[in-house]
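Residues per chain, in single letters:
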Amino acid sequence: MNGRERLLAFLTGDSVDSLPLMPITMMYAADFAGVKYGQYVTDFRALVESQIAIADAFDFDFVSCISDPAREAADCGARVAMFEDQPPAIVETDALLASKSTLSTLTIPDPRTATRMGDRVRAAALFRERVGDRKLIEGWIEGPCAEAADLRGINTLMMDFFDDPAFVRELFEFTLELGVQFARAQVEAGADLIGVGDAAASLVGPEIYREFVWPHEKRLVDELHAMGTRVRLHICGNTTSILEPMGQLGCDIVDLDFMVPMDKARAAMGPDQILLGNIDPVRILRGAAPETVRAAIAQCHQQTRPRYIVGAGCEVPRATPEANLRVLTDYARSTMP
Amino acid sequence: MPDLQELGEAIKRGDRDQSAMLTNAAIAAKVPAQEILDVMVAAMDVVGQRFQKNEIFVPEMLIAARAMKESLALLEPLLVDAGITPIAKAVIGTVEGDLHDIGKNLVAMMWKGANFDVIDLGTNVSPQKFVDAVRDNNAQLVGLSALLTTTMPAIKATVAALKAAGLDTAKVVIGGAPVTQEYADEVGADGYAPDAASAVNVARALL
Ligand code: B12
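Residues numbered from 1 in each chain as written. Chains lettered and ligands numbered in written order. Predicted model: local features only at pLDDT ≥ 70, side-chain atom pairs only at ≥ 80, totals over all residues. Heavy atoms only, no water.

Attention now moves to the overall build of chain B. In terms of helices and strands, chain B carries nine helices and five strands. Along chain B, from the amino end to the carboxyl end, the secondary structure elements read α-α-α-α-β-α-β-α-β-α-β-α-β-α. Here chain B has a C-alpha radius of gyration of 17 Å; the compact-globule value for 207 residues is 17 Å, and the two agree. Across its three principal directions, the C-alpha atoms of chain B cover 55 × 35 × 25 Å. Counting only residues that meet the buried cut, chain B has 53% of its 207 residues in that class. When contacts within chain B are restricted to residue pairs at least 6 apart in sequence, those whose partners lie at least 24 apart make up 73%. Taken together, the 17 basic and 26 acidic charged side chains of chain B have centroids lying 2 Å from each other. (Helix = DSSP H or I, 4+ residues; strand = E, 2+ residues; numbered from the N terminus. Rg over C-alpha atoms; globule rule 2.2 N^0.38 Å. Buried < 20%, exposed > 50% of the residue type's maximum accessible area, 1.4 Å probe, protein only. Contact = heavy atoms within 4.5 Å. Lys, Arg positive; Asp, Glu negative; His and termini not counted. Charge placed at Lys NZ, Arg CZ, Asp CG, Glu CD.)

What follows is the structure, given as structure tokens:
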């Protein structure tokens, strides 16, 4: 089976020849291909070639458009600092929605022609051309809560939940629609699956998650399914207190960060939910010996099998030893779900 | 007699209007400033502990700290009149190259809540900026935050710069998700705390 066949079969519950493998690489992929990260995030050709190089070298089952959280915000007009060899950074002290009244003036950029979103749509199209049906092509969008944090400033948004719930709902309506349109453009260009990064959601507790975040994430997941694509949800950070509702979103893949005990996730989400993750990217994957990496990934697998995909808790960090990343490949390819 | 316990509860709930109202009422009733302050500090201690135990999360913590800050501002003139000064002057910031500030903000607020005078330098702060701020303000306490493994070396550089500038009497406390006690020992920092509640205890113990 090739990577795309393996993943598509696994997602629909058909049998596969080995465990699927989907670690997130961004800066690691750029470094691997000798591309500066500033170029990776601004030139879809650099991203695509780097992703193909890393996916081929480590036999990943997918390639991904993921790069940084600032694409949508930048095209909406947020101030974003660019760096030669670092990810872009949204300037939070000068947030686009520092004043709430600006929200009513915002319009959703056309994802195909806007500068940074368009670059990602072109990446999806070029992936389709370059990898064809060999590997699964992953598009990427910010989730409604994360995008709201990008536009409003994450510190301010956290207090808005209490100060002005109506504003938060209105903002989430906007970010939801922004995500849907961006996803649709990537799907039309060739993406097989959409990754949704909703990092800011790990900062709120179960009450706020259920009241504000979950309903919008749910609508997003439903809209993505309605356009015929599949969904990988990734919430960076410790989501232990919101596992149960996350499991009720209907995502094809729930990708968990390393602070979440995998056995708890399995118990909270039931036997059918596909889980992905979640070894500690920095301390284990980058910092430990290969034997330790192997033991850690085997433990994730044991606690969740059989509906499990191999990966780290978050992005594979820069300067991870190749031998350690190779452990994930070897484990996946030599093990059945 | 205004209800000081209610004031503590209002701060814990993050109810800024109520806490301001109760602070003003306590001031009008001539409750000694120290007593009002003690109630606020105790309330923030509880908030920090709840956060530590995952009973509350970032939003609840931020609004509690804001209520505390606003009440403290109302009390400040009385504290000055009564000769009650902050127990220490602290400089805090996120190190160079790093833009994560939620954890740092919480530590800064907890320190304020513990009656430290806190100067917050923000994010992406160079070693030189820390040196200047510590020197200019005669700070006894320095807080350095880093959330990225790639910016942890900037903690080391900042500690070294403070030493080189002869400012090693100021106690340096470091923190942030990837930071550990071992790392603090390695770079010669005076203390480390895993969360905002213990950051207060560590700072109190060092001063
Ligand atoms: C929110 C977030 C962001 C936001 C930050 C917004 C902001 N204003 O802060 C944004 C989107 C901008 C962001 C960007 C990036 N991020 Co980020 N981010 C996070 C996330 C999800 C939460 C961090 C957080 O706020 N936690 C909540 C607070 C309350 O916890 P805390 O910070 O740990 O603070 C507590 C303690 O550590 C301690 N503490 C903190 N500071 C101090 C200081 C002192 C003196 C003391 C005593 C104690 C102390 O007390 C605090 C309160 O209890 C984490 C994941 C995670 N779970 O940590 C990733 C994470 C920190 N980010 C990560 C990465 C890689 C990045 C990016 C490089 C991503 C990218 N490719 O674009 C960029 C880098 C930007 C930059 N140059 O800094 C990685 C870091 C990996 C590593 N160890 O190197 C993490 C761990 C995600 C992951 N799993 O890989 N991120």
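Next up on the list: the interface of chain B and chain A. With 16 residues of chain B in contact, the opposing surface of chain A contributes 18 residues. Summing both sides of the interface, chain B and chain A together bury roughly 1,400 Å²; the carbon and sulfur share of this comes to 65%. The partner of Arg-66 of chain B in a salt bridge is Asp-163 of chain A, with the nearest N and O atoms 2.7 Å apart. At the level of secondary structure, the elements contributing two or more residues to the side of chain B that touches chain A comprise α4 (58-81) and α5 (102-113) of chain B. The dominant element in the side of chain B that touches chain A, judged by the number of residues it contributes, is α4 of chain B, at six residues. (Buried area = accessible area lost by both parts, 1.4 Å probe. Salt bridge = Lys/Arg side-chain N within 4 Å of Asp/Glu carboxyl O.)

Looking now at the domain arrangement of chain B. Put simply, an interface is often sized by how much accessible area is lost when its parts join up. All names here are of chain B. What the domain assignment lists for chain B is domain 1 (4-81) and domain 2 (89-206). Placing a centre on the C-alpha atoms of domain 1 and another on those of domain 2 gives a separation of 25 Å. Counting residues at the interface gives 15 residues for domain 1 and 14 residues for domain 2. Regarding the contact of domain 1 and domain 2, the summed buried area is about 1,200 Å², with carbon and sulfur atoms giving 75% of it. Of all residues in domain 1, Gln-52, Met-61 and Leu-62 bury the most surface against domain 2, accounting for 29% of the area lost on that side. Linking domain 1 to domain 2 there are one salt bridge. (Domains from an automatic or database assignment.)

Membership of the largest hydrophobic core comes to 172 residues, with the highest contact counts inside it found for Phe-161 and Leu-256 of chain A together with Trp-111 of chain B. With 12 residues, the single largest contributor to this core is helix α9 (residues 165-189) of chain A. Mapping this core onto the domain boundaries places at least three of its residues in each of domain 1 (4-81) and domain 2 (89-206) of chain B. Sequence-distant contacts of Leu-256 of chain A, defined by excluding residues within four places in its chain, comprise Thr-239, Leu-243, Met-246, Met-262, Ala-265, Met-269, Leu-275, Leu-276, Gly-277, Asn-278, Ala-312 and Gly-313 of chain A. Val-95, Val-142, Tyr-183 and Ala-189 of chain B belong to the second largest nonpolar core, which has 26 residues in total. (Core = buried A, V, L, I, M, F, W, Y, C linked by side-chain atoms within 4.5 Å.)

This brings us to the pattern of salt bridges. All names here are of chain A. Per the counting criterion, the structure on display carries 34 salt bridges over all chains. When the shortest N-O distance is used, the salt bridge between Arg-71 and Asp-119 registers 2.9 Å. On the criterion of sequence distance, the pair formed by Arg-71 in helix α5 (residues 71-76) and Asp-119 in helix α6 (residues 115-131) is long-range, its members being 48 residues apart. Summarising the burial analysis for this pair, Arg-71 and Asp-119 share the class buried. With a closest N to O distance of 3.0 Å, Arg-169 and Glu-211 form a salt bridge.

Note on helix geometry: an α-helix contains 3.6 residues per turn, so any two residues three or four positions apart are oriented the same way. The buried count for helix α8 (residues 154-163) of chain A comes to seven of 10 residues, which makes it a mostly enclosed element. Those residues of α8 of chain A not exposed but buried are Ile-154, Asn-155, Leu-157, Met-158, Met-159, Asp-160 and Phe-161 of chain A. For α8 of chain A, the elements touching its buried residues are α7 (144-152), α9 and α10 (206-226) of chain A together with α4 and α5 of chain B.

Time to look at the coordination of the cobalt atom of the ligand. From the protein, the cobalt atom of the ligand takes a single donor atom, His-100 of chain B (NE2), 2.3 Å away. The residue His-100 of chain B is located in the loop between β1 (88-94) and α5 in this model. (Donors = N, O, S within 2.8 Å, 3.2 Å for Na, K, Ca; no water.)

A separate point is the packing of aromatic side chains. Residues and elements named next belong to chain A. Here the structure, examined in full by the defined rule, presents seven aromatic pairs over all chains. Geometrically, the ring pair formed by Phe-161 and Phe-172 is edge-to-face, given 6.2 Å between the ring centres and 85° between the ring planes. With Phe-161 in helix α8 and Phe-172 in helix α9, this residue pair connects regions lying 11 residues apart in the sequence. Comparing Phe-161 with Phe-172, the two get one shared label, buried. Here a set of aromatic residues connected by ring pairs shows up, and it is made of Phe-32, Phe-58, Phe-60 and Phe-62. Geometry around Phe-167 places Lys-100 over its ring, the cationic atom sitting 5.7 Å from the centre. (Phe/Tyr/Trp six-rings, centres within 6.5 Å; stacked < 30°, edge-to-face > 60°. Lys NZ or Arg CZ within 6 Å of the ring centre and 35° of its normal.)

This part takes up the sheet that holds strand β6 (residues 230-235) of chain A. Neighbouring strands of a sheet are bound in pairs by backbone hydrogen bonds; such pairs are parallel or else antiparallel. Residues and elements named next belong to chain A. Spatial ordering of the open sheet is given by β1-β4-β5-β6-β7-β8-β9, a layout of seven strands whose pairing is parallel. The open sheet has two edge strands with one neighbour each: β1 (62-64) and β9 (308-312). Averaged over all pairs of adjacent strands, the angle between strand axes in this sheet comes to 25°, irrespective of strand direction. Where β6 meets strand β7 (residues 253-256), four bridges bridge the pair, whose relative direction is parallel. Pairing of Ile-235 across the sheet is with Leu-256, part of β7. Of the strands in this sheet, β7, β8 (274-279) and β9 are in contact with helix α12 (residues 262-269), which crosses β8 at around 165°. (Pairing = 2+ DSSP bridges. Axes fitted to C-alpha atoms, helices over the stretch in contact; angles between N-to-C directions.)

Moving on, we come to the side chain of Asn-155 of chain A. In this structure, Asn-155 of chain A sits in helix α8. Taking the relative accessible area as the measure of exposure, Asn-155 of chain A reaches 11% and is therefore buried.

Bringing the layout of surface pockets into the picture now. Residue and element names in this part refer to chain B. Taken as a whole, the second largest pocket encloses approximately 260 Å³ of empty space. Put simply, the parts of the chain that give the lining of the second largest pocket at least two residues each are α4 and β2 (116-120). With six residues, the top contributor of residues to the lining of the second largest pocket is α4. Two domains each donate at least three residues to the lining of the second largest pocket, and these are domain 1 (4-81) and domain 2 (89-206). (1 Å grid on protein atoms, 1.4 Å probe; cavity = no way out; pocket = protein on both sides within 12 Å on 5 of 7 lines; lining within 4 Å. Points joined across faces, edges and corners; volume = space filled by probe spheres on them.)

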